[in-house]
Amino acid sequence: MSSLTEKDRPIVQLLLNTGTCPRCILRFCCVGSQTLYRHPYKDLMKVLKEFLKNNQEKEDMVCFDVVDPPCKRIRLEHTGEGPDDLNHNGALQQIPLVSDENTAMETSAVKVCNVCLGILQEFCEADFVKKMCQKVNSADYQFTSFVFSVSLPPQLSVRERAAWLLVKQEMRNLGLSLAKDDIVQLKEAYKWIIHPQLSEELGKWKGSLFEVSVVFAHPETDEECHFLATACPECFKPAKNKQSVFTRMAVIKALEKIKEEDFLKHFPCPPSSPKNLCVALEIQCNNGAVFVAGRYNKYSRNLPQTPWIIDGERKLESSVEELISEHLMAEFKADSFNFSSSGREDVDVRTLGNGRPFAIELVNPRRIHFTAEEMKRLQQTINNSSDKIQVRDLQLVTREAIGRMKEGEEEKTKTYSALIWTDKAIQKEDIAFLDDIKELKLDQKTPLRVLHRRPLAVRCRIIHTMKSEYIDEHHFRLHLKTQAGTYIKEFVHGDFGRTKPNIGSPLDST
């Protein structure tokens, strides 16, 4: 049985008097029963008023008829003097405790909570939950379960700190202690209230990669945490992807560093009551990524693996990546994709045999369930759409499988056949020495032809074996087994000396 006890009475009275909502009062009384927070707002207010009317000398208990895990308890311990004893200019304001019923009624009618800014009031109601469900249903996602997340304005952490200091002072007056960690976090309490309602409305349950999130803001109090930048400037450093330095994590970090007396000099305690509620900026839906893998063959000598764009200009009209992904994007109804493969080939090189392994990550897909037969039909659709590529073994895989595809990528051995022309006339004996070379180590500086998309570096690669095949005095074919990632063309012509050694050097030819 979860309950408020007699020692909670001063806290309830103090917080009601300063404009705090019933659910925040339960949080500061360390009530850990999830079900209590789900009671209607009016019922909670009524119970708290009745609790304050009870002035019996014995320890009284106000109980709700629910069974839940035991609530967090306030620790009993004597405390010494501290910053809570400060006077104004950074002092805790002395709040008269009110026992009169009418005053309690009046103070409990505050429209917007001075701690949660209305999040545990207006945004816990059924109308808001239905609005969230309408957003989810209209997005047309496939999912069997979900998780719920919430993004809170950073200034709520400042208000929470001020309310805690107020309550802590009152507890000290009673010879008790209240640790910050004992308070039920606002985000946690909100999830306790909302998640069951969402589950009931959506008919789905907890535990999937589908996420429903709500983002709150409170423009009226946006500047309340700005004083922390002066007190703890090291906590607020500009970041490329952040619109403001006052992120929730930066504010929390600053609150951990600032001394209580310095905090009280800059922020009222108790926090003032706002005029307006928080606003729900957006309700977001996001499905976990789906991964599709297979193998592709490339039959065109004029098709890059990925879009060939240099200085913003597209050089070729399509790519292997685009020919495959456009059909996957349409079927999975995803927002975007990420293409990866086990190695890559040049634009004018074909990929034959069993094909090159590839994988595509589909980001935020609306559709996620496909049968094996549906995947076969999707594979056939891709193959019918172009004569430049073909895919095989198309299937849904896990994220871990993608990692295994990339493992040992450079340790693999590749076999190549190169048709070579020389300007100098050669005889069969001139190239016979190539057959005797084993485990030849190369230093390959990033080729000029790929320097626009790859960083400048020197890569060490190995030619395991070579076998020459004489054709005529200006042509021969070279069969090579090499370490994956070796630039074969550059090994043949030298790339203006950027690959050393190379075939051109001993042949004294180009």
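Remember, it's a predicted structure, so these values are computed and weren't measured experimentally.

## Overview of the overall build of the protein
(1) Moving on: Along its length, the protein carries 17 helices and 16 strands.
(2) Moving on: Per-residue burial for the protein yields a buried fraction of 46% across its 510 residues.
(3) Moving on: Here the protein displays about 26500 Å² of accessible surface, and carbon together with sulfur accounts for 49% of that area.

## Focus: the sheet that holds strand 6 (residues 290-298)
The strands making up a sheet associate through backbone hydrogen bonding, with each pair oriented either parallel or antiparallel.
(1) Moving on: Read across the sheet, four strands follow the order 9-10-6-11 without closing on themselves; strand pairing throughout is antiparallel. Only two strands of the sheet have a single neighbouring strand rather than two, namely strand 9 (336-341) and strand 11 (389-397). Neighbour-to-neighbour, the strand axes of the sheet open up by a mean angle of 25°, direction not taken into account.
(2) Moving on: Here strand 6 pairs with strand 11 via seven bridges, running antiparallel. Looking across to strand 11, one finds that R295 is bridged to R392.
(3) Moving on: Across the sheet, helix 13 (residues 372-385) lies against strand 6 and strand 11, angled at about 155° from strand 11, the strand it touches most.
(4) Moving on: Helix 14 (residues 399-406) contacts strand 6, strand 9, strand 10 (351-363) and strand 11 of the sheet and is inclined by roughly 140° relative to strand 10.

## Topic: unusual backbone geometry
(1) Moving on: Note that the residue after C269, namely P270, is joined by a cis bond; omega there is 10°.
(2) Moving on: Examined against the element boundaries, P270 turns out to sit in the loop between helix 11 (260-266) and strand 5 (279-286).
(3) Moving on: Its identity is not glycine, yet C30 carries a phi of approximately 60°, on the positive side.
(4) Moving on: Positionally, C30 belongs in the loop between helix 2 (22-28) and helix 3 (34-37).
(5) Moving on: C30 sits in the buried class, given a relative accessible area of 0%.
(6) Moving on: Of note in the backbone geometry, N364 takes a positive phi value of approximately 50° without being a glycine.

## Quick look at the sheet that holds strand 16 (residues 499-500)
(1) Moving on: Read from one edge of the open sheet, five strands run 12-15-14-13-16, paired in antiparallel fashion. This sheet does not close on itself; its edge strands, each paired only once, are strand 12 (413-421) and strand 16.

## Focus: helix 1 (residues 9-17)
What sets the pattern is the α-helix's 3.6 residues per turn: residues three or four places apart point alike.
(1) Moving on: Taking burial as the measure, the nine residues of helix 1 include eight buried ones, the bulk of the element.
(2) Moving on: R9, P10, I11, V12, Q13, L14, L15 and L16 are the residues of helix 1 that are buried.
(3) Moving on: G19 occupies a position one or two residues after helix 1 and carries a positive phi of about 95°.

## Topic: the pattern of salt bridges
(1) Moving on: Per the stated rule, a full pass over the model turns up 21 salt bridges.
(2) Moving on: Here E224 makes a salt bridge to R159, at a shortest N to O gap of 2.7 Å. Of the two residues, E224 sits in the loop between strand 4 (205-217) and helix 9 (227-231) while R159 sits in helix 7 (residues 155-173), which places them 65 residues apart along the sequence.
(3) Moving on: Here E224 falls in the buried class, since its relative accessible area comes to 18%.
(4) Moving on: R159 sits in the buried class, given a relative accessible area of 1%.
(5) Moving on: Taken together, the salt bridges that share partners define one network made up of D346, D348, R449, K489 and E490.

## Here we look at the packing of helix 12 (residues 320-332) against helix 13
(1) Moving on: Running from N to C, helix 12 and helix 13 point in directions that differ by 140°, and their axes come no closer than 9 Å. By the angle class used here, helix 12 and helix 13 are oblique. Judged by the twist between their axes, the crossing of helix 12 over helix 13 is right-handed. Along its contact with helix 12, which presents L323, I324, H327, L328, E331 and F332, the element helix 13 presents M375, L378, T381, I382 and S385.
(2) Moving on: Of the residues that constitute the contact of helix 12 with helix 13, the class distribution is seven nonpolar, three polar and one charged.

## Things to note about the environment of Q395
(1) Moving on: Among the secondary structure elements, Q395 is positioned in strand 11.
(2) Moving on: What makes Q395 partly exposed here is its relative accessible area of 41%.
(3) Moving on: It is 8.5 Å that separates the C-alpha atoms of Q395 and F291, two residues lying 104 residues apart in sequence.
(4) Moving on: Beyond its immediate stretch of four places on either side in the chain, Q395 contacts F291, V292, A293 and M375.
(5) Moving on: Here the side chain of Q395 touches D393 through a polar contact of 3.1 Å, landing on its backbone oxygen.

## Thoughts on the side chain of E224
(1) Moving on: A polar contact is formed between the side chain of E224 and the side chain of R159, at a distance of 2.7 Å.
(2) Moving on: Here E224 is in contact with Q155, V158, R159 and F267, once residues within four sequence places are set aside.

## Quick look at the packing of aromatic side chains
(1) Moving on: The final tally for this structure, using the stated rule, is 15 aromatic pairs.
(2) Moving on: Measuring from centroid to centroid gives 5.8 Å for F227 and F263, while their planes differ by 65°, and the two rings are edge-to-face. Here the residue F227 occupies a position in helix 9, and F263 occupies one in helix 11, the gap between them amounting to 36 residues. Per residue, the accessibility class of F227 equals that of F263, and both read buried.
(3) Moving on: Taken together, the aromatic side chains of F123, F128, F148, Y190 and F216 make up a single cluster linked through ring pairs.

## Observations regarding the packing of helix 1 against helix 7
How two helices pack is summed up by the angle between their axes together with the distance between the axes.
(1) Moving on: Look at helix 1 against helix 7: their axes get within 10 Å of each other, and the N-to-C directions meet at 145°. Helix 1 and helix 7 meet at a crossing whose hand is right-handed. When helix 1 is examined against helix 7, the residues P10, I11, L14 and L15 are found in contact with a partner set consisting of L166, V167, E170 and M171.
(2) Moving on: In terms of residue class, the contact of helix 1 with helix 7 is built from seven nonpolar, no polar and one charged.

## Quick word on the confidence of the model for the protein
(1) Moving on: Averaged over every residue, the pLDDT of the protein is 85; residues scoring 70 or more account for 86%.
(2) Moving on: At the level of individual helices and strands, the protein shows its lowest average pLDDT in helix 5 (residues 101-107), which scores 40, and its highest in helix 12, which scores 97.
(3) Moving on: Of the regions scoring below 50 in pLDDT, residues 56-62 engages in 18 contacts with residues more than four places distant in sequence or in other chains.

## What about helix 12?
(1) Moving on: In this model, helix 12 (13 residues) spans 19 Å end to end at C-alpha, consistent with the 18 Å of a helix rising 1.5 Å per residue.
(2) Moving on: Among the residues of helix 12, V320, E321, L323, I324, S325, H327, L328 and F332 are the ones counted as buried.
(3) Moving on: Close packing links the buried residues of helix 12 with strand 6, strand 9, strand 10, helix 13 and strand 11.
(4) Moving on: K333 sits one or two residues past helix 12 and shows a positive phi near 55°.

Criteria and thresholds
- Residues numbered from 1 in each chain as written.
- Predicted model: local features only at pLDDT ≥ 70, side-chain atom pairs only at ≥ 80, totals over all residues.
- Heavy atoms only, no water.
- Helix = DSSP H or I, 4+ residues; strand = E, 2+ residues; numbered from the N terminus.
- Buried < 20%, exposed > 50% of the residue type's maximum accessible area, 1.4 Å probe, protein only.
- Areas by Shrake-Rupley, 256 points an atom, 1.4 Å probe, with all protein chains shown as cover.
- Pairing = 2+ DSSP bridges.
- Axes fitted to C-alpha atoms, helices over the stretch in contact; angles between N-to-C directions.
- Contact = heavy atoms within 4.5 Å.
- Salt bridge = Lys/Arg side-chain N within 4 Å of Asp/Glu carboxyl O.
- Parallel < 35°, antiparallel > 145°, perpendicular 65-115°, else oblique.
- Left-handed = near helix turned anticlockwise from the far one by under 90°.
- Nonpolar A, V, L, I, M, F, W, Y, C, P; charged D, E, K, R; others polar.
- Polar contact = N/O pair within 3.5 Å; in protein donor to acceptor, adjacent residues only side chain to side chain.
- Phe/Tyr/Trp six-rings, centres within 6.5 Å; stacked < 30°, edge-to-face > 60°.
- pLDDT = per-residue confidence, 0-100.
- Expected span 1.5 Å × (residues − 1).

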